[in-house]
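Each chain, written out:
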Amino acid sequence: MTTSQPDDREVAGLAARLREHRLGSRLTLESAAARVGLSPAYLSRLETGQRQPSLPVLLGLARAYGSTVSGLLGETPDDLDPVVRGGAIEPGRAGGWGYRRAGAPGRAMQALRVQVPPSVQDAVVRVHPGEEWLHVVRGRLRLTLGDRVHLLDEGDSAHFDSLTPHCIAADSASGVELLFLHTLLQSPGGELCLGGGPH
């Protein structure tokens, strides 16, 4: 279908920008992959457009490169339109997570619409500076904060310090759709802490 062509071009552009950001950060493929908990081969596939990153991977790469998700997506401050039109969320080819910008780029806060599929769960526990707010639009969410597991239904929200170890996953058969807002604070301790997630 012709409607898929712009998405294909955007994916190709993202791959090139991921490589440019890594080189601009003076990181080798191996060192960049290690910072985000990826294999160098997988990061290479992202940079050649053979795979599309899930939202957690994109967030991790943005932090590793001292950038933002908007920067990796190629959005510039010149694009600052206060109105962001809705549209379909296309699932990624890797991980199945789907995301779409829901706020203006170049801001201190970043807003996204996120779809987490039911069959691909994110078992990575994350710890980084900043704050996160999420709101369940559709489905049921399993949010792990530290040692506590919270089940959020449609209409429920959560707001937490990102230094609290956290993990999100769908807890409904159809997956979960979220509004996701975060501050992406940069600091030497801002790298992801990776580990086994809850089962």
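Residues numbered from 1 in each chain as written. Predicted model: local features only at pLDDT ≥ 70, side-chain atom pairs only at ≥ 80, totals over all residues. Heavy atoms only, no water.

Trainee: Before we go on, may I ask you to explain the pattern of salt bridges in this structure?
Mentor: Think of it this way: side chains of opposite charge can pair up when their charged atoms draw near. Applying the stated criterion across every chain, the model contains 6 salt bridges. Linking Arg-22 and Glu-47 is a salt bridge whose minimum nitrogen-to-oxygen distance equals 2.6 Å. Of the two residues, Arg-22 sits in helix 1 (residues 5-24) while Glu-47 sits in helix 3 (residues 40-47), which places them 25 residues apart along the sequence. Given the relative accessible area of 9%, Glu-47 is considered buried. (Salt bridge = Lys/Arg side-chain N within 4 Å of Asp/Glu carboxyl O. Helix = DSSP H or I, 4+ residues; strand = E, 2+ residues; numbered from the N terminus. Buried < 20%, exposed > 50% of the residue type's maximum accessible area, 1.4 Å probe, protein only.)

Trainee: What is the right way to read the nonpolar core from this model?
Mentor: Side chains of nonpolar character tend, in soluble globular proteins, to be buried together. Counting residues in each nonpolar core, the largest one holds 39 residues, and the members touching the most others are Leu-61 and Leu-141. No other element matches the 7 residues that helix 4 (residues 55-64) contributes to this core. (Core = buried A, V, L, I, M, F, W, Y, C linked by side-chain atoms within 4.5 Å.)

Trainee: Looking at this structure, I do not really get the environment of Arg-26. What am I missing?
Mentor: Within the fold, Arg-26 resides in the loop between helix 1 and helix 2 (29-36). What makes Arg-26 exposed here is its relative accessible area of 80%. Between the alpha carbons of Arg-26 and Tyr-65 there is a distance of 9.1 Å; along the sequence they are 39 residues apart.

Trainee: Explain the confidence of the model for the protein here, please?
Mentor: Low pLDDT means the predicted atomic positions in that stretch should not be read closely. When pLDDT is averaged along the protein, the result is 76, and 69% of the positions lie at 70 or above. Residue range residues 1-10 is modelled with pLDDT below 50. Its contacts to residues more than four positions away, or to other chains, number 2 contacts. With pLDDT under 50 throughout, residues 185-199 is counted as low confidence; its partners more than four residues away or in other chains account for 36 contacts. (pLDDT = per-residue confidence, 0-100. Contact = heavy atoms within 4.5 Å.)

Trainee: Looking at this structure, I do not really get helix 2. What am I missing?
Mentor: An α-helical turn contains 3.6 residues, so a residue and the one three or four places further along point in the same direction. Those residues of helix 2 not exposed but buried are Leu-29, Ala-32, Ala-33 and Val-36. An end-on view of helix 2 places all buried positions within 100 degrees of arc, on one side of the element. Immediately beyond the C-terminal end of helix 2, within one or two residues, lies Gly-37, with a positive phi of roughly 80 degrees. (Arc of directions from axis to C-beta.)

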